[in-house]
Amino acid sequence: MRIPSSLMSLADEGLIEEVVRPLMSGKEAEVFLVRSGGELRVAKVYKEAHDRTFKNRAEYTEGRKVRNSRDQRAINKRSRHGRAQDEAAWRSTEVDMIFRLHSAGVRVPIPHHFIDGVLIMELITGADGSPAPRLAEVRLNPDEAVRVFDRLLEEAVRMLSAGVVHGDLSDFNVLMGADGPVVIDFPQAVDASSNQNARKLLLRDVDNLQRFLSRFAPNRQPRPYAQEMWELYACSQLTPETRLSGRFRASSRRVDTEAVLGLIGDANRDERRRREAQGRSMRGVSSPPREVEVVILPSGPRDRARRNAQGAQAGSAAITRPAQAGSAAITRRA
């Protein structure tokens with residue numbers, strides 16, 4: 001077929017040898033079957049912001065930061081440059097998340113190139129070698145549906161163990177490959193430690209999976225897997241090998257305000273020593289109050305909360321993660 005204008009620059013550079021046909025068009029992107037590197041792959045072309053229909057985007061981007069402070073200020077001000085950088089960050093999130101999850105053992109398509117807003121990645125195929133269908137398009141018997149659900153629940157555990165919540169997980173964002181389900185579509189994925197909506201999104205993801213299961217196994221009762229998963233994550237007890245029991249009881253533990261004040265005091269003392277070593281004053285660094293109102297948010301493990309409390313007292317604007325190892329291994333140009 002004729003090469004679409006959105007893929008012309010990659011064809012000119014020799015990264016795409018042939019565009020075979022369109023595969024699908026979704027709310028975020030168009031996907032083409034292409035020949036690249038001598039094999040069949042898919043090219044995902046992200047739509048411009050005015051052509052997308054993804055709702056409540058702010059719910060997913062809350063807590064995201066870019067490395068360039070000037071770009072971050074522009075994004076916060078919603079200037080023209082800021083909107084362009086925000087759009088670039090939205091597109092590159094999928095590549096970052098795929099690398100992060102692939103290294104964590106989650107079954108996702110392997111990315112190869114990300115250039116000019118186009119992501120070229122592995123083609124997931126079914127048992128007959130043709131492009132794999134979405135899970136929503138597959139008919140399963142009850143036993144098969146239970147096996148697929150259990151596998152996807154394991155993937156959700158691995159994702160959360162890597163600090164990621166998909167945010168739009170359902171049978172429409174899963175491909176039924178020859179080796180089992182493959183999770184796709186990550187532009188809206190969130191970092192569980194920095195997005196206050198992460199728990200709500202996780203609960204919704206698992207509810208979507210349980211609704212899928214109820215279509216084929218109506219006698220299987222929904223269980224609080226997501227609540228159990230998040231509680232383990234918040235207590236730093238979730239691992240990729242965790243097997244959920246489906247039992248959950250909300251914690252009734254009281255908040256230890258003395259421990260919180262101790263963390264604030266430790267952070268103040270560390271900051272005082274740092275400034276004294278630099279010959280700087282402590283102006284603007286307050287002493288810990290005697291009485292405080294403590295609000296506990298379900299935003300991540302206690303060790304992350306401790307680092308955030310210390311970082312806040314030291315004047316940090318945010319705690320950010322380092323670049324994922326191996327992310328330079330693909331061709332990337334926003």
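As the structure is a computational prediction, the values presented were derived from the model and not from experiment. Along every chain, residues carry numbers that run from 1 in the direction the sequence is written. Note on the predicted model: pLDDT of at least 70 is required for a residue's local features to be given, and 80 or more for side-chain atom pairs to be given and counted; whole-chain, interface and lining totals, by contrast, use all residues. The basis for every side-chain value is the complete set of non-hydrogen atoms in the structure, without hydrogens or water.

Trainee: Looking at this model, I keep getting lost on the nonpolar core. Mind explaining?
Mentor: In summary, soluble globular proteins display a tendency toward joint burial of nonpolar side chains. In terms of nonpolar packing, the biggest core is built from 58 residues, with L160, F186 and M229 touching the most fellow members. Filtering out sequence-adjacent residues up to four positions away, M229 remains in contact with L153, A156, V157, L160, L202, V206, L238 and L244. Formed by 12 residues, the second largest nonpolar core is a distinct cluster that contains L7, V34, V118 and I120. Only buried Ala, Val, Leu, Ile, Met, Phe, Trp, Tyr and Cys residues count toward a nonpolar core, and they belong to the same one when joined by side-chain atoms within 4.5 Å. Here the term buried applies to any residue with accessible area under 20% of the maximum for its type, exposed to any over 50%, and partly exposed to those in between, with areas from a 1.4 Å probe on protein chains only. Only heavy atoms enter the contact rule, under which two residues are in contact if any of them lie within 4.5 Å.

Trainee: How should the pattern of salt bridges be read in this particular structure?
Mentor: The salt bridge criterion pairs a side-chain nitrogen of Lys or Arg with a carboxyl oxygen of Asp or Glu, the two atoms within 4 Å. One pass over the structure, following the stated rule, counts 12 salt bridges. Taking the shortest distance from any N to any O, the salt bridge between K44 and D185 comes out at 2.7 Å. Pair noted here: K44 is in strand β3 (residues 39–46) and D185 is in the loop between β8 (180–183) and β9 (190–191), with a separation of 141 residues, a long-range link. When salt bridges that share partners are traced, they join K44, E94 and D185 into one network. Secondary structure is summarised from DSSP: a helix means a run of H or I of at least four residues, a strand means a run of E of at least two, and numbering begins at the N terminus for each.

Trainee: Would you mind going over unusual backbone geometry with me for this structure?
Mentor: Backbone phi values are negative for most residues with the exception of glycine, while trans is the configuration of most peptide bonds. Notably, D185 is not glycine yet its phi reads approximately 65°, a positive angle. Of the residues examined, D185 reaches a relative accessible area of 21% and is grouped as partly exposed. You will see that S236, though not glycine, has its phi angle at about 60°, which is positive. Among the structural elements, S236 can be located in the loop between α7 (225–234) and α8 (257–278). On the basis of relative accessible area, S236 is assigned to the partly exposed category, the value being 46%.

Trainee: Got a minute to help me understand helix α6 (residues 198–216) in this structure?
Mentor: One turn of an α-helix holds 3.6 residues; hence residues three or four places apart share an orientation. Helix span, as expected, comes to 1.5 Å for every residue beyond the first. Here α6 is 19 residues long and its end C-alpha atoms lie 28 Å apart, about the 27 Å a rise of 1.5 Å per residue gives. Taken residue by residue, α6 has A198, L201, L202, L203, D205, V206, N208, L209, Q210, F212, L213 and F216 as its buried positions.

Trainee: I tried to follow the side chain of T242 on my own but got confused; where do I start?
Mentor: Along the chain, the position of T242 falls in the loop between α7 and α8. Exposure remark for T242: the relative accessible area of 15% places this residue in the buried category. A distance of 2.9 Å separates a polar atom in the side chain of T242 from the backbone nitrogen of T239. Those residues in contact with T242, other than ones at most four positions away along the chain, are V157, L232 and Q237. Between N or O atoms, a polar contact is any pair within 3.5 Å; within protein, one atom must be a potential hydrogen donor and the other a potential acceptor, and residues adjacent in sequence are included only when both atoms are from side chains.

Trainee: Sorry if this is basic, but what is going on with the pairing of strand β2 (residues 29–36) here?
Mentor: In regular strands, side chains alternate between the two faces of the sheet. Within β2, six of the eight residues are buried, which leaves it mostly tucked inside the rest of the structure. At least two DSSP bridges between two strands are needed for those strands to be called paired. With six bridges connecting them, strand β1 (residues 18–25) and β2 associate as antiparallel partners. Within β2, the position partnered with P22 by the bridge is F32. Between β1 and the antiparallel strand that follows it, β2, lie three residues. In the sheet, β2 pairs with β3 via eight bridges, with the strands oriented antiparallel. The residue of β3 that forms the bridge with F32 is A43. If you look at the hairpin formed by β2 and β3, you'll find two residues sitting between the two strands, and G37 has a positive phi there, around 65°.

Trainee: Even after reading the chapter, I still don't get the environment of L33, so can you show me in this structure?
Mentor: Considering the arrangement of structural elements, one finds L33 in strand β2. L33 gets classed as buried once you look at its relative accessible area, which sits at 5%. With 87 residues separating them in the primary sequence, L33 and I120 have C-alpha atoms 9.7 Å apart. For L33, the contacting residues outside a window of four places in its chain are V19, V20, R21, L23, L40, R41 and L123.

Trainee: Honestly, the packing of α6 against α7 in this entry has me stumped. Any pointers?
Mentor: When two helices pack together, their arrangement is given by the angle between the helix axes and by the axis-to-axis distance. Axis lines are fitted through C-alpha atoms, for helices just across the contact stretch, and the angle between N-to-C directions can take any value from 0 to 180 degrees. At their nearest, the axes of α6 and α7 sit 8 Å apart, and the two run at 145° to each other. As α6 runs across α7, the sense of the crossing is right-handed. Every residue of α7 that contacts α6 at A198, R199, L202, L203, V206 and Q210 is listed here: Y225, A226, Q227, M229 and W230. Amino acid classes used here: Ala, Val, Leu, Ile, Met, Phe, Trp, Tyr, Cys and Pro are nonpolar; Asp, Glu, Lys and Arg are charged; the rest, including Gly, are polar. Here the residues of the contact of α6 with α7 sort into eight nonpolar, two polar and one charged. Two helices that cross are described as forming a left-handed crossing if the nearer one is turned anticlockwise from the farther one by less than a right angle, and a right-handed crossing if clockwise.

Trainee: Is there a simple way to explain the confidence of the model for the protein in this structure?
Mentor: For any part of a model where pLDDT is low, the fine detail of the predicted coordinates should not be relied upon. Per-residue confidence for the protein averages 79 on the pLDDT scale, and 69% of its residues sit at or above 70. The predictor rates its confidence in each residue with pLDDT, a number between 0 and 100. Taking the mean pLDDT of every element in the protein, the minimum, 48, falls on helix α9 (residues 302–313) and the maximum, 97, on helix α5 (residues 142–161). In this model, residues 309–329 is a region of pLDDT below 50 whose contacts with residues beyond four sequence positions or in other chains number 23 contacts.

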